[in-house]
Amino acid sequence: MNSKKITSGIALILLLQSTYAQQKLSGFSSEHSQQHQQLEASFDKELSAAAIGNNIKTLSAQQHYLGMPRDKWVAENILQQFKSYGWDARIETYQVLFPTPKTRVLEASYPENYKAVLKEPALREDPSTGQPDELATYNAWSADGDVTGELVFVNYGLPEDYEYLERLGISVQGKIVIAKYGRSWRGIKPKVAQEHGAIGTLIYSDPKDDGYYQGDVYPQGPFKSEYGVQRGSIMDMVIYPGDPLTPGVGATENAKRLERSAATNLLKIPVLPISYHDAAPLLEALDGPVAPESWRGALPFTYHIGPGKAKVHLKLEFDWKMVPAYNVIAFMKGSQQPDQWVIRGNHHDAWVYGAADPVSGLAALLEEAKAIGVLAKKGYKPKRTLVYAAWDGEEPGLLGSTEWVEAHATELQQKAVAYINSDGNSRGFLGIGGSHALEPFAGEIAKGIIDPQTKVTVLERKQASDIVSAATVKAKKDLLAKKDMTISALGSGSDYSSFLQHLGIPSLNVGFGGEGAGGEYHSIYDTYENYSRFKDPGFEYGVALSKFGGHAALRLADADVLPFDFRSLSKTINGYTTELIALMEQMRESTAVENQVINNKAYELTVDISKPIKAPSVKSEVPYIDFSKLQNALVALDKATQQLQEARTKAPVPGEKTDALNKALYQAEQQLLYDKGLPNRAWYKHTVYAPGFYTGYGVKTLPGIREAIEQRRWQEVEEQIAIAAEAVNRLTNYLQQVTAGLK
């Protein structure tokens, strides 16, 4: 790069910083806003990409999954780091159930015998791999089992895949299924298989989705090699996360525990993840119909659905033991409102080495804590208490964070201003989801952070990515016209879940990615060597994450009036409601047309007699359902949020009312909780955000209504509309009282 380009780049940064510095921060007085931006500039100067890289290298040097000695070593290392930075830190330990594999056998006869390798080989190009006693490839929370049966290929193992199998006349009852990773969370695949009578499940990563079809495989490139395997939990987290034996209460040493057989979030069939090296001979042996094009992967043979001549034998046995989960909790006490907590967290446990997941995010969090510690040593005191946490046991099912939240639930609902989460991190674009009352706040932070590669703000780069990837011309036009940032809704899959969906604590989940794709996820190849080559060379996006997480925590800690904007929440819920009404209309029309096609025998007349397939079943008609309760509630909410915002901006809030106002603002989201929870999963109490029953990590918004529609339970749709309307009305009445208190 020539000197003119360097000079112009520096000038652009200075211009952006100058423009940003002149802006008043939401929730701050003009004078305090300027002071706080100077504080953030000092914070930024203390962040070091090299230090983040060193922490990634140190903490991922050995495997540190839950329950092993190195897991405790990592927790104690983090504890000492926090203490050295000047934080009041401690380890809170919970006793949780955690199974590890004792026996893994996968074999088949064709009639020739085949025995699966079930091992990821060490690589001379990656010296981190091949350490003694690497954790075997397995799915945590699989049942013990010794089963033999025919094999059936079920595509991604989703409910619609089984509908197609039914049309083919293929049942998985009493059989073992093999499914591809992707399109949903891994735990959904054995869940649906079990519902259809399967006796076992194999899950593999097809190279079309995660392998040589995507690019060069590791170590030449970042993608999954033929022996790579994705470990991971298959706990039915959509029922409840955390320790299976202590739902709803912290897993302390003396906690009352269920019998394992009574834990409703554990499946009953054996499940094993395998490489595409091990999957190929099993798939190649299948007979039966040729798989439709959308089912086919990139292995070099014709994909059949099965069954076939081969009988598959799957034997799994686990050591079901109680182990300690070490949460590291660090406090910096607030100088003015010590009982208002701003919580920032990232987990520390990994499946094996975990350089990307979770240590890249953890190292950024620790860098934030270090920088805040430097500020504190120079005299800085946060107004509210900062709580920085490193969770254990996230990988097996959000164990550490869930148990901490359940143990401290009453206190957290009184004190927690917000929870800011991160997990893995890599180069690319800002990704952010969370409570929509924090959407403008998140956008304001994103306007002030410079992207390491392009030198524009991370907001501008995110918006550019959203526009380019938009699926329709209308979507592109809408995004081009939109100036503010949109954040996504949160499902599950990381440690925010208990805070937001169980307790109603406002939450954000943040990280960078999109240009660090690869196949290392939950494998032995998630190493420092891999990360530093392909994920974030130079660790500059670690610094970007530290800036975002640190700025968010510091602003929430020091704001005069907390920057919640419930107009964004109201607009978002209204958008979700409009989507649901449109969904009902589309389902009504598509059901009527499809039933007419079926009744007219169109499928029978067009079927290829060499490839017989039954017509789909006629579905019940979609009724007209009244959404007016929810629509009217949202009209009232919109009015209440506008009135609150006007009252806040007309005049400064008197000092004696500020503490009460701030507490009312951060507790407002709790009004959207429903005590009885969602249908068939009472642990999830938020009426707006939840993980989907058949998507897992993927979110379902207004979940009670949406899933009742998708599953065609029409009476339940009406019941859930009433429940959601009541929750919205509670929030409306609450905000009206807050507004009245300002007058």
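This structure is a prediction, so every number in the text was calculated from the model and none was measured. (Residues numbered from 1 in each chain as written. Predicted model: local features only at pLDDT ≥ 70, side-chain atom pairs only at ≥ 80, totals over all residues. Heavy atoms only, no water.)

(A) Representation of the side chain of Asn-530 in the model. Here Asn-530 is to be found in helix α16 (residues 528-535). Of the polar contacts made by the side chain of Asn-530, one reaches the backbone oxygen of Tyr-525; its length is 3.0 Å. Asn-530 has contacts with Asp-126, Tyr-218, Glu-520, Tyr-525 and Lys-535, leaving out every residue within four places of it along the chain. (Helix = DSSP H or I, 4+ residues; strand = E, 2+ residues; numbered from the N terminus. Polar contact = N/O pair within 3.5 Å; in protein donor to acceptor, adjacent residues only side chain to side chain. Contact = heavy atoms within 4.5 Å.)

(B) Local environment of the pairing of strand β4 (residues 145-153). Note that β4 and strand β9 (residues 311-332) share 6 bridges and pair antiparallel. When the bridges of β9 are listed, Gly-145 appears paired with Leu-316. Bridge analysis of β4 against strand β5 (residues 176-180) gives 3 bridges, and the strand direction is parallel. In the sheet register, Phe-153 faces β5, and the bridge partner there is Ile-178. (Pairing = 2+ DSSP bridges.)

(C) Quick peek at the UniProt feature "domain: Peptidase M28" (unreviewed entry) in the chain. As recorded in UniProt, the feature "domain: Peptidase M28" (unreviewed entry) lies at residues 327-532. Segment residues 327-532 splits into 38% helix and 22% strand. End C-alpha atoms: 27 Å apart. (UniProt positions renumbered as here; feature names shortened; annotations may be inferred.)

(D) A look at a positive patch on the surface. A surface patch of like charges, here positive, comprises Arg-183, Lys-208, Arg-296 and Lys-611. Residue position: Lys-611 is located in the loop between α19 (602-606) and α20 (628-650). Using a relative accessible area of 60% as the deciding quantity, one classes Lys-611 as exposed. (Patch = residues over 30% accessible without salt bridge, like charges linked within 9 Å, V, L, I, M, F, W, Y side chains within 5 Å. Areas by Shrake-Rupley, 256 points an atom, 1.4 Å probe, with all protein chains shown as cover. Salt bridge = Lys/Arg side-chain N within 4 Å of Asp/Glu carboxyl O. Lys, Arg positive; Asp, Glu negative; His and termini not counted. Charge placed at Lys NZ, Arg CZ, Asp CG, Glu CD. Buried < 20%, exposed > 50% of the residue type's maximum accessible area, 1.4 Å probe, protein only.)

(E) Spatial organisation of the pattern of salt bridges. Using the criterion set out here, one finds 27 salt bridges in the structure. The partner of Asp-451 in a salt bridge is Arg-461, with the nearest N and O atoms 3.7 Å apart. Within this pair, whereas Asp-451 is found in the loop between α12 (439-446) and α13 (458-469), its partner Arg-461 is found in helix α13, the two being separated by 10 residues in sequence. Classification of Arg-461 as buried rests on a relative accessible area of 11%. The closest approach of N and O atoms between Arg-706 and Glu-579, which form a salt bridge, is 3.0 Å. In this pair, Arg-706 is assigned in helix α22 (residues 703-710) and Glu-579 in helix α18 (residues 566-599), connecting sequence segments 127 residues apart. You can call Glu-579 partly exposed: its relative accessible area is 42%. Within this structure, Arg-427, Asp-451, Arg-461 and Glu-515 form a network of salt bridges that share partners.

(F) Examining the environment of Gly-250 more closely. Mapped onto the elements, Gly-250 comes out in the loop between β7 (232-233) and β8 (271-274). Judged by relative accessible area, Gly-250 falls into the buried class, the value being 9%. Separated by 158 residues in the primary sequence, Gly-250 and His-408 place their C-alpha atoms 7.9 Å from one another. Leave out the neighbours within four places in its chain, and Gly-250 touches Ala-255, Glu-403, Glu-406 and Ala-407.

(G) Representation of the packing of helix α4 (residues 69-84) against helix α9 (residues 355-377) in the model. Interhelical geometry of α4 versus α9 gives an angle of 25° and a closest axis separation of 9 Å. Put simply, α4 runs roughly parallel to α9. Between α4, through Ile-78, Gln-81, Phe-82 and Ser-84, and α9, the contact on the second element is made entirely by Leu-362, Leu-365, Leu-366, Ala-369 and Lys-377. Here the residues of the contact of α4 with α9 are counted per class, giving 6 nonpolar, 2 polar and 1 charged. (Axes fitted to C-alpha atoms, helices over the stretch in contact; angles between N-to-C directions. Parallel < 35°, antiparallel > 145°, perpendicular 65-115°, else oblique. Nonpolar A, V, L, I, M, F, W, Y, C, P; charged D, E, K, R; others polar.)

(H) Summary view of the domain arrangement of the chain. Each assigned domain of the chain is listed with its residue range as follows: domain 1 (36-96 + 322-558), domain 2 (103-321) and domain 3 (566-742). For domain 1 and domain 2, the distance between their C-alpha centroids amounts to 30 Å. Contact residues are listed per partner, giving 38 residues for domain 1 and 49 residues for domain 2. Both faces combined, the contact of domain 1 with domain 2 buries some 3,300 Å², and carbon together with sulfur accounts for 57% of it. Its largest share of buried area at the contact with domain 2, domain 1 owes to Trp-351, Ile-524 and Tyr-525, together 19% of the area lost on that side. (Domains from an automatic or database assignment. Buried area = accessible area lost by both parts, 1.4 Å probe.)

(I) The arrangement of the confidence of the model for the chain in detail. Residues at a pLDDT of 70 or more form 96% of the chain, whose mean pLDDT is 95. Predicted confidence for residues 1-21 stays below pLDDT 50, and this span has 17 contacts to residues more than four positions away or in other chains. (pLDDT = per-residue confidence, 0-100.)

(J) View of the side chain of Asp-349. Mapped onto the elements, Asp-349 comes out in the loop between β10 (337-347) and α9. Summary of buried charges: Asp-349 has no salt-bridge partner, and the nearest side chain of opposite charge, Arg-186, is 11 Å away. A polar side-chain atom of Asp-349 sits 2.9 Å from the main-chain amide nitrogen of Glu-394. Among all residues touching Asp-349, those that are not within four sequence positions of it are His-64, Leu-66, Asp-71, Pro-358, Trp-391, Asp-392, Gly-393, Glu-394, Glu-395 and Pro-396.

(K) Main features of the packing of aromatic side chains. Evaluated as defined, the whole model comprises 27 aromatic pairs. Residues Trp-391 and Phe-499 carry aromatic rings whose centres are separated by 6.0 Å and whose planes lie at 50° to one another, so their mutual orientation is tilted. Of this pair, Trp-391 sits in strand β11 (residues 384-391) while Phe-499 sits in helix α15 (residues 497-502); the two residues are 108 residues apart in sequence, bridging distant segments of the chain. Using a relative accessible area of 0% as the deciding quantity, one classes Trp-391 as buried. Residues Phe-693 and Tyr-694 carry aromatic rings whose centres are separated by 5.1 Å and whose planes lie at 80° to one another, so their mutual orientation is edge-to-face. Looking at Phe-693, the relative accessible area reads 17%, which means it is buried. Residue Tyr-694 is classed as partly exposed on the basis of its relative accessible area of 25%. An aromatic cluster is defined as three or more aromatic residues linked by ring pairs; in this entry it consists of Phe-98, Tyr-138, Trp-141, Phe-318, Trp-320 and Trp-351. Lying over the aromatic face of Tyr-156, Lys-180 brings its terminal NZ or CZ to 4.2 Å of the ring centre. Over the ring of Trp-320 we find Arg-260, and its NZ or CZ is 3.9 Å from the ring centre. (Phe/Tyr/Trp six-rings, centres within 6.5 Å; stacked < 30°, edge-to-face > 60°. Lys NZ or Arg CZ within 6 Å of the ring centre and 35° of its normal.)

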